[in-house]
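Here is how the chains run, residue by residue.
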Amino acid sequence: AKCIAGAKIADICKFGDELLAQRTNAIYKNKNKAGKVVLRGVAFPVCISINECVCHCSPLESDTEYPALAADDMVKIDLGAHIDGYIVLAA
C-alpha cells in the first residue's frame, strides 16, 4: 500500500524497517532455554530497487538523488528479519 506513485523510496524503506521491528517485537516475548531474552528484529534493512536497479537500494532520508516512484515503475523489495539469530530473507 506504500508503493504508490509519488512515494519516496527512503520513506518506504523506513516504513518497512519499522513494520518489521514492530511485528517481530510482538512475538516471542519469552526467554529461551538458557534464560535469555529472545532477540528479534531487522536482519537486513528493507531495500527498494526501481526499474533497472538490480538490488540493495536502501537510501538515507537525506539522499536526494533518488526520484519518487512513478506510476509505471517496476518495484523490487528485499527484506530480512530474525528471531533468536535465525534469519529469513525475502525478495
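Described in the following lines is the structure provided in the data block. (Residues numbered from 1 in each chain as written. Predicted model: local features only at pLDDT ≥ 70, side-chain atom pairs only at ≥ 80, totals over all residues. Heavy atoms only, no water.)

Okay, the environment of Pro67 next. You can see Pro67 is positioned in the loop between β1 (40–50) and β2 (75–83). Spatially, the C-alpha atom of Pro67 lies 7.8 Å from that of Ile9, the residues being 58 residues apart in sequence. (Helix = DSSP H or I, 4+ residues; strand = E, 2+ residues; numbered from the N terminus.)

This part is about the environment of Ile12. By the secondary structure assignment, Ile12 is in helix α1 (residues 9–25). Overall, Ile12 belongs to the buried group, its relative accessible area being 7%. A sequence separation of 65 residues divides Ile12 from Ile77, and the C-alpha atoms of the two residues are 9.9 Å apart. Residues in contact with Ile12, not counting those within four places in the same chain, are Lys2, Cys3, Ala7, Ile48 and Leu69. (Buried < 20%, exposed > 50% of the residue type's maximum accessible area, 1.4 Å probe, protein only. Contact = heavy atoms within 4.5 Å.)

Here we take up the nonpolar core. In terms of nonpolar packing, the biggest core is built from 10 residues, these being Ala7, Ile9, Ile12, Cys13, Leu20, Val46, Ile48, Ile50, Leu69 and Ala81. Residues contacting Ala7, with those up to four places away along its chain left out, are Lys2, Ile12, Ala68 and Leu69. (Core = buried A, V, L, I, M, F, W, Y, C linked by side-chain atoms within 4.5 Å.)

Turning our attention to α1. For α1, spanning 17 residues, the distance from its first C-alpha to its last is 24 Å, which sits close to the expected 24 Å at 1.5 Å a residue. Taken together, the buried positions of α1 are occupied by Ile9, Ala10, Ile12, Cys13, Gly16, Leu20 and Thr24. The buried residues of α1 all sit within an arc of 165° when viewed along its axis, so they share a single face. (Expected span 1.5 Å × (residues − 1). Arc of directions from axis to C-beta.)

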